[in-house]
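Each chain, letter by letter, is given below.
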Amino acid sequence: MIANLYLHTESFKYNGTDSSDEVATKIKRLIEDMRDVIYNSSNENVFKVPTQIYNCPIFKEQTIVDFANAYLDGEQQVLMYSVLGNTSDDYSLTYEELEQKCLYQENETEINSILILNRRKDDEEKNADKKEPYIQFDKYKIIYDLQSWKTLRRQIIGNHPGTPTEFIGECRKYFDILDIHNNCIKSLEEDNYLETIPRKIVYYLSCLNDGFYSVMRRHADKEEDANSILADFSGEYGLDEPGSLERNPEKKPSLTFCFKIKDKDGNNHEHKILCEPHLKISQPDASYKGSSINYLKFHPRIYFKFNYPDASEKIFIGSIGPHL
């Protein structure tokens, strides 16, 4: 699905609070994202950059050109001007009109998203007293430096999952830490999980990919306790219930999956990996409009393995679907 990524002066102008270093970090992240998209994913992602951006004060009174000259090195400046120059599009939309254009629509055939460099003060005030979910799905937007264009592609997967094969194929593109077993295609076919919880699955996978190891590292000075790690992780990201380990030894065969892992020479070797840790989903997506849920049978789980000795930087996903 095509994604139109809009830069707008209202989402770029200085918010009055960020330091020059913070603005520079966000600009560099944005430009790297734009380069990545242009050279690798331009068939699915289209930037919309109005020429008014060049006159927009992004830090105090400095325009993006002034700021780049002061805070970016020569190579970064060349990259920025090249990227912005090749994505010009003088669209005429107010910020409020653009916000409406970027709302999720059930029958959408392409999506629109705002790229937010400097959050507007009114947006910050509206969200000051509430913690936003790690990813939301009703408004397409990317907030720098919290997110990247991959966040947008994940939103699209959650809103338009397609078939289990298509869903897993897309997830493999945008979750670089996760190694997702082919069994997940089969497990997703049971009980129509892609009708009831596609957003929840994408949310859980996003949190696993981006945040699990940082939570785990906080336990490094303690005796390793997987249940404590899973509980802390579930609480930090607002999951439906605390995750846990499957302690029943009789279930180990059904929780063991073969994954291929490359050795230091680049050769693949099969490893039988026991995926006992699991995350629990207890409620359907808020957007689900189907028939009532039979909660006696509705116990979706994501079974995985973390900190595997031969590939400790990866998380192996063995099953997404029924309680095994």
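Look up: the structure comes first, before these words.
Scope of this entry: the structure provided in the associated data block. (Residues numbered from 1 in each chain as written. Predicted model: local features only at pLDDT ≥ 70, side-chain atom pairs only at ≥ 80, totals over all residues. Heavy atoms only, no water.)

**Thoughts on the side chain of Glu246**
Now for step 1: By the element assignment, Glu246 lies in the loop between strand S8 (244-245) and strand S9 (256-262).
Now for step 2: One polar contact links the side chain of Glu246 to the main-chain amide nitrogen of Asn248, over a distance of 3.2 Å.
Now for step 3: Once residues within four sequence positions are removed from consideration, Glu246 is found in contact with Lys251, Leu255, Glu276, His278, His323 and Leu324. (Helix = DSSP H or I, 4+ residues; strand = E, 2+ residues; numbered from the N terminus. Polar contact = N/O pair within 3.5 Å; in protein donor to acceptor, adjacent residues only side chain to side chain. Contact = heavy atoms within 4.5 Å.)

**Observations regarding the pairing of strand S5 (residues 110-116)**
Working note: regular strand, side chains alternate between the two faces of the sheet.
Now for step 1: Counting buried residues in S5 gives six out of seven residues, a clear majority hidden from the surface.
Now for step 2: Sheet topology note: the S5/strand S6 (residues 141-143) ladder contains three bridges and is parallel. Its bridge partner being in S6, Ile114 is matched across the sheet by Lys141. (Buried < 20%, exposed > 50% of the residue type's maximum accessible area, 1.4 Å probe, protein only. Pairing = 2+ DSSP bridges.)

**Focus on the sheet that holds strand S11 (residues 277-280)**
Now for step 1: Here five strands make up an open sheet; going across it, the order is S7-S13-S12-S11-S8 and the pairing mixed. With one partner strand each, in any of the chains shown, strand S7 (178-180) and S8 form the two edges of the open sheet.

**A look at the packing of helix H2 (residues 20-40) against helix H3 (residues 64-71)**
Now for step 1: Between H2 and H3, whose axes approach to 11 Å, the crossing angle comes to 100 degrees. If you check the angle between H2 and H3, you find them roughly perpendicular. For the pair H2 and H3, contact is made by Ser20, Val23, Ala24, Ile27 and Lys28 and by Ile64, Phe67 and Tyr71, respectively.
Now for step 2: Considered class by class, the residues forming the contact of H2 with H3 number six nonpolar, one polar and one charged. (Axes fitted to C-alpha atoms, helices over the stretch in contact; angles between N-to-C directions. Parallel < 35°, antiparallel > 145°, perpendicular 65-115°, else oblique. Nonpolar A, V, L, I, M, F, W, Y, C, P; charged D, E, K, R; others polar.)

**Some remarks on the sheet that holds strand S2 (residues 45-48)**
Now for step 1: What the four strands build is an open sheet, ordered S2-S1-S5-S6; its pairing is parallel. Single-partner strands in this sheet number two, and they are S2 and S6. When strand polarity is set aside, the average angle formed by the axes of neighbouring strands in this sheet is 25 degrees.
Now for step 2: Here strand S1 (residues 2-7) pairs with S5 via six bridges, running parallel. Bridged to Leu7 within S5 is Leu115.
Now for step 3: Strand contacts of helix H7 (residues 149-159): S1, S2, S5 and S6, with the helix running at about 140 degrees to S1, the strand carrying the most contacts.

**Remarks on the pairing of S11**
Now for step 1: Judged by which residues are buried, S11 turns out to be covered on both faces: Pro277 and Leu279 on one side and His278 and Lys280 on the other are all buried.
Now for step 2: The sheet contact formed by S8 and S11 spans two bridges and is antiparallel. Residue pairing across strands places Ser244 opposite His278, the latter belonging to S11.
Now for step 3: Sheet topology places S11 next to strand S12 (residues 301-308); three bridges connect them, and they run antiparallel. Its bridge partner being in S12, His278 is matched across the sheet by Tyr303.

**Section: the nonpolar core**
Now for step 1: Leu205, Leu208, Phe212 and Ile317 are the most contacted members of the largest nonpolar core, which totals 78 residues.
Now for step 2: Ranked by the residues each element gives to this core, the list is headed by helix H11 (residues 198-217), at 11 residues.
Now for step 3: Discounting residues that sit within four places of it in the chain, Leu205 has contacts with Cys171, Phe175, Leu178, Ile302, Ile317 and Ile320.
Now for step 4: Among the nonpolar cores identified, the runner-up in size contains 10 residues, and Phe257, Ile273, Tyr303 and Ala311 belong to it. (Core = buried A, V, L, I, M, F, W, Y, C linked by side-chain atoms within 4.5 Å.)

**Some details on the pattern of salt bridges**
Now for step 1: Per the counting criterion, the structure on display carries 11 salt bridges.
Now for step 2: The closest approach of N and O atoms between Lys13 and Glu10, which form a salt bridge, is 3.2 Å.
Now for step 3: Given a relative accessible area of 24%, Glu10 falls into the partly exposed group.
Now for step 4: Between Asp18 and Lys26 there is a salt bridge, with its nearest N and O atoms 2.4 Å apart. (Salt bridge = Lys/Arg side-chain N within 4 Å of Asp/Glu carboxyl O.)

**A look at the packing of aromatic side chains**
The description of an aromatic ring pair uses the distance of the two centres, along with the angle that the planes make with each other.
Now for step 1: Tallying each qualifying case throughout the model produces 16 aromatic pairs.
Now for step 2: Between the aromatic rings of Phe233 and Tyr237, the centroid separation amounts to 5.2 Å while the plane-to-plane angle is 50 degrees, which identifies the pairing as tilted. Comparing Phe233 with Tyr237, the two get one shared label, buried.
Now for step 3: Three or more aromatic residues joined by ring pairs make a cluster, and in this case those are Tyr134, Phe212, Tyr213, Phe233, Tyr237, Phe304 and Phe306.
Now for step 4: Stacked on the ring of Tyr104, the Lys or Arg Arg199 has its end atom at 5.1 Å from the ring centre. (Phe/Tyr/Trp six-rings, centres within 6.5 Å; stacked < 30°, edge-to-face > 60°. Lys NZ or Arg CZ within 6 Å of the ring centre and 35° of its normal.)

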